[in-house]
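# Commentary on secondary and tertiary structure
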Amino acid sequence: MKRTTMTLFMLLLVTGAFAQQGTEMKTLFGNSGIRSNGGYGALTTGYSNIDNRDAILMGARGAWLINHKVGIGLAGTGFLTSSKEDAVLNDRYQLAGGYGGLFFEFIVSPNSPVHVSFPLTIGAGGVAYVRKDYNFNNNFESLEHDSEAFFMVEPGIELELNLVKFMRLAFGASYRYTSDVKLAYTSNNAPIVGNDALRGFSGGITLKFGKF
């Protein structure tokens, strides 16, 4: 019985070994390596809720495209929230800042007229608590009360449309994760916003131009 079991076990091992030799490993860039190079630049605009305030987002990105499917580059986004009355400072204040860093993207079925992509930005940014003052020159100038730097990671998903050969339009959603943000009043060191004030979902539109 033991000899029969061992024989069957050896046969299974040999069969598995031959099966593995006959199966070709598939890689991210295919068996031919990098077959195509391209690139694009893009402008983005979007909306988010930051610290229970409406926020407008404006950004740009640039990426090198490998085999039409993998993008590597840089991205940056600026934001500005609506203003609210601050009882401690007795004026209206808002949050303003930006973030950016390395940009990665994986595109599914890029030759299809409508397809999806998965962008990811990893980097850092800064945020400031500011107010708008009207001065004698009839100009608005931002007055900063406190500011803070932060680390961020923002994964997302986009529905992308191939409009023409060199232009694409994408509708996307993402989640912005940041390290703790500790903005505080200078008078009593009390927190202005919660540590997670910048974390949350965003939605936006991206227009891409380039060689895809």
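Preceding block: the structure.
These figures come from a predicted structure and were not determined experimentally. (Residues numbered from 1 in each chain as written. Predicted model: local features only at pLDDT ≥ 70, side-chain atom pairs only at ≥ 80, totals over all residues. Heavy atoms only, no water.)

## Observations concerning the overall build of the chain
The secondary structure content of the chain amounts to one helix and nine strands. Listing each helix as α and each strand as β along the chain from the N terminus yields α-β-β-β-β-β-β-β-β-β. Going through the 212 residues of the chain one by one, you find that 34% of them count as buried. Considering only contacts in the chain between residues 6 or more positions apart, those separated by 24 or more positions represent 60%. (Helix = DSSP H or I, 4+ residues; strand = E, 2+ residues; numbered from the N terminus. Buried < 20%, exposed > 50% of the residue type's maximum accessible area, 1.4 Å probe, protein only. Contact = heavy atoms within 4.5 Å.)

## With respect to the packing of aromatic side chains
If you walk through the whole model with that rule in mind, you get four aromatic pairs. The interplanar angle of 20 degrees and the centroid separation of 4.8 Å between the aromatic rings of Y93 and Y129 together place this pair among those described as stacked. Placement of the pair is Y93 in strand β5 (residues 91-108) and Y129 in strand β6 (residues 114-134), with a sequence separation of 36 residues. Relative accessible area serves as the criterion here: at 2%, Y129 is assigned to the buried category. (Phe/Tyr/Trp six-rings, centres within 6.5 Å; stacked < 30°, edge-to-face > 60°.)

## Considerations on the nonpolar core
If you look at the biggest cluster of nonpolar residues, it comprises 18 residues, and the most contacted ones within it are F79, L95, V127, Y129, F150, L183 and L198. Elements with a minimum of two residues in this core: β2 (53-66), β5, β6 and β7 (140-164). The element that contributes the greatest number of residues to this core is β5, accounting for three residues. Of all hydrophobic cores here, the second largest spans eight residues; its members include Y40, A42, L65 and F103. (Core = buried A, V, L, I, M, F, W, Y, C linked by side-chain atoms within 4.5 Å.)

## What about the environment of H68?
Position of H68 relative to the elements: it lies in the loop between β2 and β3 (70-81). For H68, a relative accessible area of 29% gives the class partly exposed. Note: C-alpha distance between H68 and P110 (42 residues apart in sequence) is 6.4 Å. Among all residues touching H68, those that are not within four sequence positions of it are S36, I107, P110 and F212. One polar contact links the side chain of H68 to the main-chain carbonyl oxygen of F212, over a distance of 2.5 Å. (Polar contact = N/O pair within 3.5 Å; in protein donor to acceptor, adjacent residues only side chain to side chain.)

## What about empty space enclosed by the protein?
Within this structure, the stated rule accounts for one cavity of 30 Å³ or more. Lining the largest cavity are 29 residues, with T44, R61, T77, E154 and S174 sitting closest to its centre. Listed by contribution, the elements that provide at least two residues to the lining of the largest cavity are β1 (37-50), β2, β3, β5, β6, β7, β8 (167-178) and β9 (200-211). (1 Å grid on protein atoms, 1.4 Å probe; cavity = no way out; pocket = protein on both sides within 12 Å on 5 of 7 lines; lining within 4 Å. Points joined across faces, edges and corners; volume = space filled by probe spheres on them.)

## Here we look at the pattern of salt bridges
Summed over the entire model, instances satisfying the criterion amount to eight salt bridges. For R61, the salt bridge identified is with E158, shortest N-O distance 3.1 Å. Placement of R61 in strand β2 and of E158 in strand β7 is noted, with a sequence separation of 97 residues between them. One salt bridge connects R168 with E160, and the closest N-O pair in it is separated by 3.2 Å. A relative accessible area of 4% means that R168 is categorised as buried. (Salt bridge = Lys/Arg side-chain N within 4 Å of Asp/Glu carboxyl O.)

## Quick notes on the pairing of β3
Strand direction decides the pairing type here: β2 and β3, joined by 12 bridges, are antiparallel. By the bridge assignment, R61 is partnered in β3 with A75. If you look at the hairpin formed by β2 and β3, you'll find three residues sitting between the two strands, and N67 has a positive phi there, around 55 degrees. Bridge count between β3 and β5: 11 bridges; the pairing is antiparallel. Residue G73 lies in a different strand from β5, and its bridge partner there is F103. (Pairing = 2+ DSSP bridges.)

Nothing here speaks to function; it is all geometry.
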